Amino acid sequence: MDFKDYVACDATRLAELVARREVGAHELLELALTHLRRTQPRINAVCRLMEAEARAQLAAPLPAGPFAGVPFPQAIQVLHAGHGAHIGVLLEEQLVPDALG
């Protein structure tokens, strides 16, 4: 899959392709990261890149779910184990959950 094909698909279509093994989750992650590296310096849209966590998740079998294997940015505050809860208030950066659930 090239980037033109990638952006022509919505997340549901990408998930279908991953489920049918027509494209791999690793390949989608690489496409997303490549595009991010090109655009991030201009638009500064990503405040916390979690590339290592994404790669670690892909080292294990994909979990069941409608969007398994599809990389996506989180535009809203979502707590992640081991990361501060920073949403514009520096004090919240000290609130670091060790696990979620």
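Treat the numbers as computed from the prediction; the structure is a model and nothing was measured. (Residues numbered from 1 in each chain as written. Predicted model: local features only at pLDDT ≥ 70, side-chain atom pairs only at ≥ 80, totals over all residues. Heavy atoms only, no water.)

When charged atoms on two side chains of opposite charge get close, those side chains can pair. The full count for this structure, using the stated rule, is 5 salt bridges. For Glu22, the salt bridge is made with Arg20, and the minimal N-O distance between the two is 2.7 Å. Given the relative accessible area of 51%, Glu22 is considered exposed. Here the salt bridges do not stand alone but share partners, grouping Glu30, Arg37, Glu51 and Arg55 into one network. (Salt bridge = Lys/Arg side-chain N within 4 Å of Asp/Glu carboxyl O. Buried < 20%, exposed > 50% of the residue type's maximum accessible area, 1.4 Å probe, protein only.)

What follows covers unusual backbone geometry. The phi dihedral of Arg21 falls on the positive side, at around 60°, and the residue is not glycine. Considering the arrangement of structural elements, one finds Arg21 in the loop between helix H2 (11-19) and helix H3 (25-43). According to the relative accessible area criterion, Arg21 is exposed, its value standing at 77%. (Helix = DSSP H or I, 4+ residues; strand = E, 2+ residues; numbered from the N terminus.)

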